[in-house]
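# Coordinate inspection notes
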Amino acid sequence: MLAFHHGAHAILPLGVTIPTPTFEPVYDATLLVVPNISQNLVAGPFGERAFIGFLGGNLTDYATGALEGQIIAGFGGEFGLVSSNGMFYTDVALAVQWTDDQKYGFFRVQGIGELGNSTYATSYTYFWEHSRLETDSTTRQNLVDDVLLISIVVDTENSPSNETIAYFRLFMKNSTNPSITP
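Residues numbered from 1 in each chain as written. Predicted model: local features only at pLDDT ≥ 70, side-chain atom pairs only at ≥ 80, totals over all residues. Heavy atoms only, no water.

## Quick word on the overall build of the chain
- Along its length, the chain carries one helix and 13 strands.
- Each helix (α) and strand (β) of the chain, taken in turn from the N terminus, gives the series β-β-β-β-β-β-β-β-β-β-α-β-β-β.
- The burial tally for the chain puts 36% of its 182 residues in the buried class.
- Of the contacts formed within the chain by residues at least 6 apart in sequence, a portion of 58% connects residues at least 24 apart.
- Surface summary for the chain: the accessible area is close to 10800 Å², and the carbon and sulfur share equals 58%. (Helix = DSSP H or I, 4+ residues; strand = E, 2+ residues; numbered from the N terminus. Buried < 20%, exposed > 50% of the residue type's maximum accessible area, 1.4 Å probe, protein only. Contact = heavy atoms within 4.5 Å. Areas by Shrake-Rupley, 256 points an atom, 1.4 Å probe, with all protein chains shown as cover.)

Listed below in structure tokens is the structure:
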């Protein structure tokens, strides 16, 4: 029988292992977004909504730097929330056309970060939730079926006046799943 006490800390039973997830980098991306992203905010009941369009970009292999895909301009974007507590809740959708097989990949990620002079956000995507990567590229099905993490940094200080440069790195979980052993 399980006993629950208010204020008590959980103790894992013998045979239950919950490993700390670890991730390995897979892709790096340079993403061009509309200029002056802080001016693309609309007041709302919970803070300011961000409406940020994508102008294109490149997706490269993390290890080799080889071009893996092109980020499609005008497709997707950022529909986030800068809350009254200053946190930036991201909701990003983007499309990539892979260079080797010309197939498309569709990323949908949600996360949290801060919006300011050095904007950053960390977004988690799981294939079994509403955040995910979808693609029919046969060489990337391992990404469809795994836990992904995307970390995004927006470089507002070094961007040209007519666009803003954002960088993100895609990570794939490389550790085991939690398990119960007899």
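Let us keep going from here.
## What to know about the pattern of salt bridges
- Taken as a whole and assessed by the stated rule, the structure comprises five salt bridges.
- In this structure, Asp28 and Arg169 form a salt bridge, with 2.5 Å as the shortest nitrogen-oxygen distance. Taken together, the residues span a long stretch of sequence, with Asp28 in strand E2 (residues 23-33) and Arg169 in strand E12 (residues 164-173) at a distance of 141 residues.
- On the basis of relative accessible area, Arg169 is assigned to the partly exposed category, the value being 31%.
- In this structure, the salt-bridge partner of Arg140 is Glu68, at a minimum N-O distance of 3.0 Å. Taken together, the positions of Arg140 in the loop between strand E10 (132-135) and helix H1 (141-144) and Glu68 in strand E5 (residues 67-71) put the pair 72 residues apart, joining distant regions of the chain. (Salt bridge = Lys/Arg side-chain N within 4 Å of Asp/Glu carboxyl O.)

## Focus on a nonpolar patch on the surface
- Together, Val42, Phe51 and Phe79 give the surface a local cluster of nonpolar side chains, amounting to about 260 Å² of exposed area.
- Among the secondary structure elements, Phe51 is positioned in strand E4 (residues 47-61). (Patch = residues over 30% accessible without salt bridge, like charges linked within 9 Å, V, L, I, M, F, W, Y side chains within 5 Å.)

## Examining the pairing of strand E8 (residues 104-114)
- Only one face of E8 is buried, namely the one carrying Gly105, Phe107, Val109, Gly111 and Gly113, since none of Tyr104, Phe106, Arg108, Gln110, Ile112 and Glu114 on the opposite face is buried.
- Across eleven bridges, the pairing between strand E7 (residues 87-98) and E8 is antiparallel. From the neighbouring strand, Leu94 faces E8, where its bridge partner is Phe107.
- Between the end of E7 and the start of E8, which pair antiparallel, lie five residues, with Gln102 showing a positive phi angle near 60°.
- When E8 meets E10, the two strands line up antiparallel, connected through four bridges. Residue pairing across strands places Phe107 opposite Leu133, the latter belonging to E10. (Pairing = 2+ DSSP bridges.)

## Overview of unusual backbone geometry
- Unusually for a residue other than glycine, Gln102 sits at a positive phi of about 60°.
- Along the chain, the position of Gln102 falls in the loop between E7 and E8.

## Some points on the packing of aromatic side chains
- If you walk through the whole model with that rule in mind, you get four aromatic pairs.
- Relative to Phe79, the ring of Phe51 lies with its centre 5.1 Å away and its plane at 55°, an arrangement referred to as tilted. You can see Phe51 sitting in strand E4 and its partner Phe79 sitting in strand E6 (residues 77-83), a full 28 residues away along the chain.
- For Phe51, a relative accessible area of 40% gives the class partly exposed. (Phe/Tyr/Trp six-rings, centres within 6.5 Å; stacked < 30°, edge-to-face > 60°.)

## Observations concerning the pairing of strand E3 (residues 41-44)
- Alignment of E3 against E4, held across four bridges, turns out to be antiparallel. Within the sheet, the bridge partner assigned to Gly44 lies in E4 and is Gly47.
- Taking the residues between adjacent antiparallel strands as the criterion, E3 and E4 are bridged by two residues.

## What about the confidence of the model for the chain?
- On average, residues of the chain score 80 in pLDDT, and 80% of them are at 70 or above.
- For the chain, the element scoring lowest by mean pLDDT is strand E9 (residues 118-125), at 52; E5 scores highest, at 97.
- A low-confidence stretch, residues 124-130 stays under pLDDT 50, and its non-local contacts, those more than four residues away or across chains, total 20 contacts. (pLDDT = per-residue confidence, 0-100.)

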